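# A closer look at the structure
Take a look at the letters that make up each chain.
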Amino acid sequence: MAGPSLRSRFVVGTVLLTAGLLMIGHMISLAAISRVPALRGAHQTFTGAFITLALMAIGLSQVRNGLSSVNHLRERLARLRDGRDRRIDGDYPAEVQPLVDDLNALLEHREQTVGRALAKAGDLAHGLKTPLAVLSQEADRTDAEGHHELAATIGQQIERMRRQIDYHLAHARAAASGATLGARCGVLASAEGLSRTLQRLHAGRGLVIDLHVDTEHAVRAQREDLDEMLGNLLDNACKWTSSRVVVSSDADAGSVEIVVDDDGPGLAASMRDAVLQRGVRADQAAPGSGLGLAIVRNLAEVYGGAIALDRSPMGGLRARLRLPSSEVRSGTA
Amino acid sequence: MRILVVENEARLAQQLATALGDAGYAVDCAADGERADFFGQTEEYDAVVLDLGLPKTDGLTVLRRSREAGIPVPVLVLTARGSWHEKVHGIDEGADDYVSKPFRMEELLARLRALIRRASGQVTPALRCGAVALDPRGARVTVNGVAVRLTSHEFRVLSYLMHHRGRVVSQSELTEHIYARSADRDSNTVEVFIARLRRKIGSSFIETIRGLGYRIADADA
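For every chain, the first residue of its written sequence is number 1, and the numbers climb from 1 along that sequence. As a convention, the first chain written is A and the first ligand written is 1, with the rest following in written order. At least 70 in pLDDT is required for a residue's local features to be given in this predicted model, at least 80 for side-chain atom pairs to be given and counted, and no such filter applies to totals for whole chains, interfaces and linings, which use all residues.

### Describing the overall build of chain B
Threshold: Numbering goes from the N terminus for both helices and strands, where a helix is a DSSP run of H or I of at least four residues and a strand is a run of E of at least two. As defined in this context, the radius of gyration uses C-alpha atoms, and a globule is described by 2.2 Å times the residue total to the power 0.38. Comment: burial labels come from other C-beta atoms within 10 Å of the residue's own C-beta, placed from the backbone, where a count of 20 or more is buried, 12 or fewer is exposed, and between is partly exposed. C-beta atoms are first placed from the backbone for all residues, and any pair lying within 7 Å is then listed as a contact.
The secondary structure content of chain B amounts to eight helices and 11 strands. Taking 2.2 N^0.38 as the reference for a compact globule, 221 residues should give roughly 17 Å; the C-alpha atoms of chain B span a radius of gyration of 18 Å, in line with that estimate. Its C-alpha atoms give chain B principal-axis dimensions of roughly 50 × 35 × 30 Å. For chain B, the proportion of its 221 residues judged to be buried stands at 42%. Of all intrachain contacts in chain B linking residues separated by at least 6 positions in sequence, the fraction that spans at least 24 positions is 58%.

### Remarks on helix α2 (residues 33-42) of chain B
Residue and element names in this part refer to chain B. As a reminder of what qualifies: An arc is given here, and it is the one of the directions from the helix axis to the C-beta atoms.
Listing the buried residues of α2 in full gives Gly33, Ala36, Asp37 and Gly40. One side of α2 carries all its buried residues, which in axial view fall inside an arc of 100°. Tucked inside the fold, the buried residues of α2 contact β1 (2-6), β2 (26-30), β3 (47-50) and α3 (59-68).

### What about the interface of chain B and chain A?
Rules: Here the term charged refers only to Asp, Glu, Lys and Arg, the term nonpolar to Ala, Val, Leu, Ile, Met, Phe, Trp, Tyr, Cys and Pro, and the term polar to all other amino acids, Gly among them.
Each partner contributes to the interface: chain B provides 22 residues, whereas chain A provides 25 residues. For the side of chain B that touches chain A, the elements supplying multiple residues, two or more each, are α1 (10-22), α4 (84-92), β5 (97-100) and α5 (105-119) of chain B. At six residues, the largest contribution of residues to the side of chain B that touches chain A is made by α4 of chain B. Considering only residue class, the side of chain B that touches chain A consists of 10 nonpolar, three polar and nine charged.

### A look at the confidence of the model for chain A
Interpreting fine coordinate detail is not advised for predicted regions of low pLDDT. Residue and element names in this part refer to chain A. We count it as follows: pLDDT is a residue-level measure of predictor confidence that goes from 0 to 100.
With 88% of its residues at a pLDDT of 70 or more, chain A has an overall mean of 83. Within chain A, strand β5 (residues 255-262) carries the highest mean pLDDT (94), whereas helix α7 (residues 269-276) carries the lowest (79). Confidence drops under a pLDDT of 50 for residues 280-289, and excluding neighbours within four residues, the segment shows 11 contacts in the predicted structure.

### Let's talk about unusual backbone geometry
Residues and elements named next belong to chain B. The residue after Lys101, namely Pro102, is reached through a cis peptide bond having omega -10°. Relative to the helices and strands, Pro102 resides in the loop between β5 and α5. The backbone phi angle of Lys56 is positive, close to 70°, even though this residue is not glycine.

### As for the domain arrangement of chain B
Residue and element names in this part refer to chain B. Threshold: All the domain ranges listed were derived from an automatic or database domain assignment.
According to the domain assignment, chain B contains domain 1 (2-119) and domain 2 (127-216). If you average the C-alpha positions of domain 1 and of domain 2, the two centres end up 25 Å apart. At three residues, β2 tops the list of elements feeding residues into the side of domain 1 that touches domain 2. Class assignment for the residues of the side of domain 1 that touches domain 2 results in five nonpolar, one polar and six charged.

### What about the sheet that holds strand β4 (residues 244-252) of chain A?
All names here are of chain A. What counts is decided by this rule: For two strands to pair, DSSP has to find at least two bridges joining them. Each axis is a line fitted through C-alpha atoms, taken for helices only over the stretch in contact, and angles between the N-to-C directions span 0 to 180 degrees.
Ordered in space as β2-β4-β5-β7-β6, the five strands form an open sheet in which the pairing is mixed. Looking at the sheet topology across the chains shown, the edges are occupied by β2 (208-212) and β6 (306-311). Between one strand and the next, the sheet's axes are offset by a mean angle of 15°, whatever the strand orientation. By the bridge criterion, six bridges tie β6 to strand β7 (residues 317-324) in an arrangement that is antiparallel. Opposite Asp310, over in β7, you have Arg318 as the bridge partner. Its contacts with the sheet put helix α6 (residues 223-240) on β4, β5 and β7, and the angle it makes with β5 is roughly 20°.

### What about the pairing of strand β8 (residues 140-143) of chain B?
Residues and elements named next belong to chain B. Examined bridge by bridge, strand β7 (residues 132-135) and β8 share four bridges and lie antiparallel to one another. In the sheet register, Asp135 faces β8, and the bridge partner there is Arg140. Hairpin connection between β7 and β8: a loop of four residues separates the two successive antiparallel strands, and Ala139 in this loop has a positive phi of roughly 50°. If you look at the hairpin formed by β8 and strand β9 (residues 146-148), you'll find two residues sitting between the two strands, and Asn144 has a positive phi there, around 50°.

### Brief notes about the sheet that holds β1 of chain B
Residues and elements named next belong to chain B. With parallel pairing, the five strands of this open sheet are ordered in space as β2-β1-β3-β4-β5. Single-partner strands in this sheet number two, and they are β2 and β5. Mean inter-strand twist for the sheet, computed between neighbouring axes without regard to direction, equals 20°. Sheet topology places strand β4 (residues 75-79) next to β5; four bridges connect them, and they run parallel. The residue bridging Leu76 from the neighbouring strand is Asp97, located in β5.

### Brief notes about the environment of Thr42 of chain B
Residue and element names in this part refer to chain B. Relative to the elements of secondary structure, Thr42 occurs in helix α2. On the neighbour-count criterion, Thr42 (8 C-beta atoms within 10 Å) is exposed. Put simply, Thr42 and Arg167 are 125 residues apart on the chain and 23 Å apart in space, counted from C-alpha to C-alpha.

### A short note on helix α8 (residues 292-302) of chain A
Residues and elements named next belong to chain A. Across the 11 residues of α8, nine count as buried, placing the element largely inside the fold. Of all the residues in α8, the buried ones are Gly292, Leu293, Ala294, Ile295, Val296, Arg297, Asn298, Leu299 and Ala300. A positive phi of about 75° marks Gly304, the residue just after α8.

Structure follows, in structure tokens:
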């Protein structure tokens, strides 16, 4: 609930103070006139009125200037929320500056705490994966020794654990990223890195990845998370395409849509929703976890975005990822 | 064909060494970044399996240093940290492929074979020169369709020469690529392996280029 406006309190206070001063001035002039009747005369009135108006104008502008720093602070906070700034900067009056400093310190503390928690979650996840890798090979050995049922059980449980780890790690990342202020990331930079990477990972298949992405398009997300979303979409496209994958982007008021098209076999309409659900795979024989698209959806939702699957004009699957945009020109990032 | 395995988890390193050995490769293991750095710069490998979270020097630093030193060996990164952001970083540092833990050994072996094949400019998975066919997938060799039994050293010699067919391979280069670091090396034994191979697959298949080394003629050339 908002209390009475700071501005009205200032003005009322100033008016009351001025009224008091006027009363004192009036009493002094009455006393002076009663002692020296020669002062009685009208020729001073014009000058007096002018001085009075000038003083009032200067006073009002001082009040305005003093209050403008509060508006300035509000603008800075809005920029912070939009992801254009990471800290509140600028000079503020002596009464406001300590507040700004405290707020900045709080932001930094929060960022560090979230970062540490995330690093711990990552360490836990990755610390579990090497022992799982060892177990997985042991299961293979058990299989080779003829204990097929035991090997199959161990194998299934390892796969379940791996999915749990991947899912919860991605979720922790996403939750932490949503809590981090000041995130913004250019779409082209992310798409270029991923394109280089996928060309290398699929070397020998002669894949073409075309990028039609505007250099100005940026989204309000951490680079790691945009890489994860776009990486999963591109990887999926590269797995299924026969020769060509196209990434394009389009911006409208407040959001950027990134579209990934491929010329592969596509996905039946009935399967499109299913693959976006947690843990469902469109084709059990496809390499990879099958969690990819579900993770993309999860991350996108944390950022207030969305993902949709469709039929591509190129024949295969079209994935449309929509994320809140971060204006490029306004920030220094 | 010789592989360097860089993995600090001893049990996993052993499992990898066993599986790679069974697949016909000579294998060296390094348990930390410093040893990996040293092995990578002083020995010759046909591929490297590299874990990233290593003691002393981390895997990406090892990779960057070896690329800076101009070593072109194919590197397969085997890591628990397989996010796309990390993959982009690893590929930009010079990695050739990524496998995330936990993994299927067959998949790792298949990716390694593909890397080695691409690095030597081969297109098809199985190598064929005239009557002789070598399939790295099962370490199998056939002559006119008839399977030939080779020892692991003979297989490595033949595999290396066939991967680099059309090129003269010196005796010392062959020695580098068929023995693990710990093995006793004697370049004279290469002559023995070549002689045995000639008995098993035909005497004219491997040419001796006097003073330079050996060559398998490129059938397509």
